[in-house]
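Coordinate analysis (summary)
Here is what each chain is made of, one letter per residue.
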Amino acid sequence: DGGITQSPKYLFRKEGQNVTLSCEQNLNHDAMYWYRQDPGQGLRLIYYSQIVNDFQKGDIAEGYSVSREKKESFPLTVTSAQKNPTAFYLCASTPSQGMRNQPQHFGDGTRLSIL
Amino acid sequence: AQSVTQLGSHVSVSEGALVLLRCNYSSSVPPYLFWYVQYPNQGLQLLLKYTSAATLVKGINGFEAEFKKSETSFHLTKPSAHMSDAAEYFCAVSEAAGNKLTFGGGTRVLVKP
């Protein structure tokens, strides 16, 4: 079955360390998204990519970086500049850019905690 | 800019009772609206979507939602709650560019036996 795979499911970061969260999709979708989820705040957009080799900042991009070298992969790096990284991170995708009626498909998330 | 407000961060219902989750939105363009459900430590699953066709939208698991333009609302209902409905529910509106979603803060539903 097609879907989005996020790994690892749980991740621990030491102070001053960068960590990378993986997101892979086999849905052949063009657009991919990263969200951060904190209790009571819903989901907030970190970065999104509408096509390979292109990505844009979302609402809370500071302290994060991404790459989109392959259509199926959209890894997120949480850098040491992100001072409050503890959260649940969700990756999503849609078939193509610009079609607002398309729902986003979500992975099962990665929970990041600070040691 | 779009925004979504979900009234009530927690809702408690008895098994078999009506479930009503409220969602109000603001949008500068005709809205496309979505309801998602999230079970603990999982991603979001689409319940239903409104895309300017019928104003009463039926989704999975017996849920439905009614789009009311005059009230800028898209409330989610289910006539009879089941224990398996215990989860967190998110309302979202699609922005004009980039197919980005703006989410409400979520409503956690507790179902009492």
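Above this text is the structure in question.
Right, let's walk through the structure included here. Note that the structure is a prediction, hence the values are computed from the model and not measured.

What follows covers the state of the cysteines. Summed over all chains, the structure comprises two disulfides over all chains. For Cys23 of chain A, the disulfide goes to Cys91 of chain A, at an S-S distance of 1.9 Å. Across the disulfide from Cys23 of chain A to Cys91 of chain A, rotation about the S-S bond amounts to roughly -75°, and the bridge is consequently left-handed. Taken together, the positions of Cys23 of chain A in strand β3 (residues 19–25) and Cys91 of chain A in strand β9 (residues 87–94) put the pair 68 residues apart, joining distant regions of the chain. With a relative accessible area of 0%, Cys23 of chain A lands in the buried category. The exposure class assigned to Cys91 of chain A is buried, which follows from its relative accessible area of 0%. Two residues share a disulfide in this structure: Cys23 of chain B and Cys91 of chain B, whose sulfurs sit 2.0 Å from each other. The sign of the S-S torsion, about -65°, decides the handedness of the disulfide formed by Cys23 of chain B and Cys91 of chain B: left-handed.

Moving on, we come to the interface of chain B and chain A. Every contact between the two is made by 26 residues of chain B and, on the other side, 27 residues of chain A. Summed over both partners, the interface of chain B with chain A buries about 2,000 Å², with 50% contributed by carbon and sulfur atoms. Across the contact surface, chain B and chain A share zero salt bridges. For the side of chain B that touches chain A, the secondary structure elements donating two or more residues are β4 (33–38), β5 (44–50), β9 (87–94) and β10 (101–103) of chain B. Taken together, the residues that form the side of chain B that touches chain A break down as twelve nonpolar, ten polar and four charged.

Thresholds applied
- Sequence positions are assigned chain by chain, starting from 1 and proceeding in written order.
- Labels follow written order: the first chain is A, the first ligand is 1, and so on.
- Owing to the predicted nature of the model, reporting of local features is limited to residues with pLDDT of at least 70; listing and counting of side-chain atom pairs is limited to 80 or more, with chain, interface and lining totals taken over all residues.
- Only hydrogens and water are set aside; all other atoms, that is, all heavy atoms of the structure, feed into the side-chain values.
- Note on terminology: pairs of cysteine sulfur atoms within 2.5 Å are recorded as disulfides.
- Under the DSSP-based scheme used, a helix requires at least four consecutive residues in state H or I and a strand at least two consecutive residues in state E, with every element numbered from the N terminus.
- Exposed residues in this analysis have more than 50% of their type's maximum accessible area, buried residues have under 20%, and partly exposed residues fall in between, with area computed by a 1.4 Å probe over protein chains only.
- Any two residues whose heavy atoms approach within 4.5 Å are treated as being in contact.
- A simple way to read buried area is as the amount of 1.4 Å-probe accessible surface that goes missing from two parts once joined, with both sides added.
- The rule for a salt bridge is simple: a side-chain nitrogen of Lys or Arg has to be within 4 Å of a carboxyl oxygen of Asp or Glu.
- Three classes are used: nonpolar for Ala, Val, Leu, Ile, Met, Phe, Trp, Tyr, Cys and Pro, charged for Asp, Glu, Lys and Arg, and polar for all others, with Gly counted as polar.

All we've got here are geometric facts, nothing functional implied.
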